[in-house]
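A look at the structure
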Amino acid sequence: MMLTLPTYDDVIAAALRLEGQAHRTPVLQSRTADDRLGARVFFKCENFQCTGAFKFRGAFNALSKFSPAQRHAGVITFSSGNHAQAIALSARMLGIPATILMPLDAPQAKLDATRGYGGEVILFDRFQQDREALTRALAEQRGLTLIPPYDHPDVMAGQGTAAKELFEEVGELDYLFVPLGGGGLLSGSALAARALSPKCQVYGVEPEAGNDGQQSFRSGQIVHIATPQTIADGAQTQHLGQYTFGVIRRDVDDVLTASDAQLVEAMRFFAERMKMVVEPTGCLGFAAACHAGVPIDGKRVGVILSGGNVDLQRFAELLAS
Ligand SMILES: *Cc1c(COP(=O)(O)O)cnc(C)c1O
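About the cut-offs
- Residues numbered from 1 in each chain as written.
- Predicted model: local features only at pLDDT ≥ 70, side-chain atom pairs only at ≥ 80, totals over all residues.
- Heavy atoms only, no water.
- Buried < 20%, exposed > 50% of the residue type's maximum accessible area, 1.4 Å probe, protein only.
- Helix = DSSP H or I, 4+ residues; strand = E, 2+ residues; numbered from the N terminus.
- Pairing = 2+ DSSP bridges.
- Phe/Tyr/Trp six-rings, centres within 6.5 Å; stacked < 30°, edge-to-face > 60°.
- Polar contact = N/O pair within 3.5 Å; in protein donor to acceptor, adjacent residues only side chain to side chain.
- Near = heavy atom within 4 Å.
- Areas by Shrake-Rupley, 256 points an atom, 1.4 Å probe, with all protein chains shown as cover.
- Axes fitted to C-alpha atoms, helices over the stretch in contact; angles between N-to-C directions.
- Parallel < 35°, antiparallel > 145°, perpendicular 65-115°, else oblique.
- Contact = heavy atoms within 4.5 Å.
- Nonpolar A, V, L, I, M, F, W, Y, C, P; charged D, E, K, R; others polar.
- Core = buried A, V, L, I, M, F, W, Y, C linked by side-chain atoms within 4.5 Å.
- 1 Å grid on protein atoms, 1.4 Å probe; cavity = no way out; pocket = protein on both sides within 12 Å on 5 of 7 lines; lining within 4 Å.
- Points joined across faces, edges and corners; volume = space filled by probe spheres on them.

**Some remarks on the pairing of strand β10 (residues 300-305)**
Across the 6 residues that make up β10, a large majority, 5, are buried. In this sheet, β10 lies alongside strand β2 (residues 40-45) in parallel orientation, the contact comprising 6 bridges. Within β10, the residue paired with phenylalanine 43 across the bridge is valine 303. Bridging between strand β7 (residues 175-179) and β10 involves 3 bridges; their strand directions are parallel. Opposite leucine 176, over in β10, you have glycine 302 as the bridge partner.

**Points about the packing of aromatic side chains**
Under the counting rule described, the total for this entry stands at 9 aromatic pairs. The interplanar angle of 35 degrees and the centroid separation of 5.5 Å between the aromatic rings of phenylalanine 56 and phenylalanine 60 together place this pair among those described as tilted. One end of the pair, phenylalanine 56, and the other, phenylalanine 60, are both in helix α3 (residues 55-64), 4 residues apart, so they sit about a helical turn from each other. Each ring, one from tyrosine 175 and one from tyrosine 203, has its centre 6.1 Å from the other, and the planes form 15 degrees; the classification is stacked. Linking tyrosine 175 in strand β7 with tyrosine 203 in strand β8 (residues 201-207), this pair joins segments that are 28 residues apart in sequence. Classification of tyrosine 175 by relative accessible area gives buried; the value is 9%.

**Here we look at the environment of aspartate 130**
With respect to the secondary-structure elements, aspartate 130 resides in the loop between β5 (120-124) and α7 (131-142). Among the residues examined, aspartate 130 registers a relative accessible area of 51% and is labelled exposed. Within the structure, aspartate 130 has its side chain in polar contact with the backbone nitrogen of glutamate 132 (distance 3.0 Å).

**Considerations on the site of the ligand**
Surrounding the ligand, one finds 16 residues, the nearest of these being Lys55, Asn82, Gly181, Gly183 and Ser306. Glycine 183 has a polar backbone atom sitting 2.7 Å from an oxygen atom of the ligand. One of the backbone N or O atoms of leucine 185 is found 2.9 Å from an oxygen atom in the ligand. Here the ligand, which alone exposes 380 Å², has 97% of that area covered by the protein.

**Considerations on the packing of helix α12 (residues 260-274) against helix α13 (residues 284-291)**
Contact geometry for α12 and α13: axes closest at 9 Å, N-to-C directions at 105 degrees. In terms of axis orientation, α12 runs roughly perpendicular to α13. Note on element contacts: α13 touches α12 through Leu284, Phe286, Ala287 and His291, opposite Gln262, Leu263, Glu265, Ala266, Phe269 and Phe270. A breakdown of the residues in the contact of α12 with α13 according to their chemical character gives 7 nonpolar, 2 polar and 1 charged.

**Considering the nonpolar core**
One finds Phe43, Phe177, Phe270, Phe286 and Ile296 to be the most contacted residues of the largest nonpolar core, which totals 38 residues. Looking at which element gives the most residues to this core, the answer is α12, with 7 residues. Here phenylalanine 286 is in contact with Ala33, Leu37, Phe43, Ala266, Phe269, Phe270 and Val303, once residues within four sequence places are set aside. The next biggest cluster of nonpolar side chains, apart from the first, holds 30 residues, and it includes Val11, Met156, Ala193 and Ile304.

**Observations regarding α13**
Most of α13 is tucked away, with 6 of its 8 residues classed as buried. Among the residues making up α13, those that are buried are Leu284, Gly285, Phe286, Ala287, Ala288 and Ala289. The positive-phi residue at the C-terminal boundary of α13 is glycine 293, with phi of around 80 degrees.

**Considerations on the layout of surface pockets**
What the second largest pocket holds in volume is close to 180 Å³. Looking at the second largest pocket, it is lined by 13 residues, and the ones nearest its centre are Ala15, Leu18, Glu19, Arg24 and Glu165. Residue assignment for the lining of the second largest pocket shows that the elements contributing at least two residues are α1 (8-18) and α8 (153-170). Tallying contributions element by element places α8 first for the lining of the second largest pocket, with 4 residues. When its residues are assigned to classes, the lining of the second largest pocket shows 4 nonpolar, 3 polar and 6 charged.

**Some points on the sheet that holds β7**
One open sheet holds the 6 strands; their spatial order is β1-β2-β10-β7-β8-β9, and the pairing between them is mixed. Looking along the sheet, the strands with just one partner apiece sit at the ends: β1 (27-28) and β9 (254-258).

Written out as structure tokens, the structure is:
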């Protein structure tokens, strides 16, 4: 099957759709981070994005492209995390009914947030039922359009707008570190980097417990793994997508990993030094910049902080550990 991969032009078009709808999130710097790493580090703070994560960008872009008939019928997706809230809020802003499949055992706060944005939540048993098959069946029955969390050209193009803003604000960079789950954020970021800072080395960063992306990148084929055990719940994906892998294998320089302990250390740094709540998955990029052995000394380094949605009780427990 030949896939038509999204291009940087699609990222530009997404940026126009997002103007005045998504936040243009701040780029922050920290003297402490710069001193520790001997580099100039620019943090793109998507923890301050609408719904608390970059996922709003891809969701809003995808829904903005619906035809009148699609808008009328509605959108469906499956997600226990940030994509659910992103779809629910985008759909409400655009007047589109949203149906979201979430696992029975999803945290109450996430169910409440998704319902609070007006999404209709359908619960399923993730140990008994195949969520993708269930979603597809419902989509067919009800005439709904499925927008998956990462493997969709409009989602990838929307996610790329964060890196586009970063390069436009700070200019070219030597390195860019991007959290990696299914690869929507990384592929969109790579499209922006290739266009705006062609010499920039772009790295995806995965949890050490689930390095399917690294295995896929290095072997040239999509590798599937069991759901990894890690505190980075936004990156517990089992495999990259067809579209995301197509861009990643072409435009990304390598895939690195970070351990849970390194993520906690980064969370503590952001809380203590920069007064920010960053969720474990959002810390992947910085953890790798600190620990993966990339020679960033004296360089200009971009780090995408992908989200800030972590239950405060859990946040405190992680920092105390
Ligand atoms: C979804 C998510 C990721 C991973 O994004 P992909 O596009 O699936 O690679 C990283 N960080 C946060 C906070 C997320 O919600």
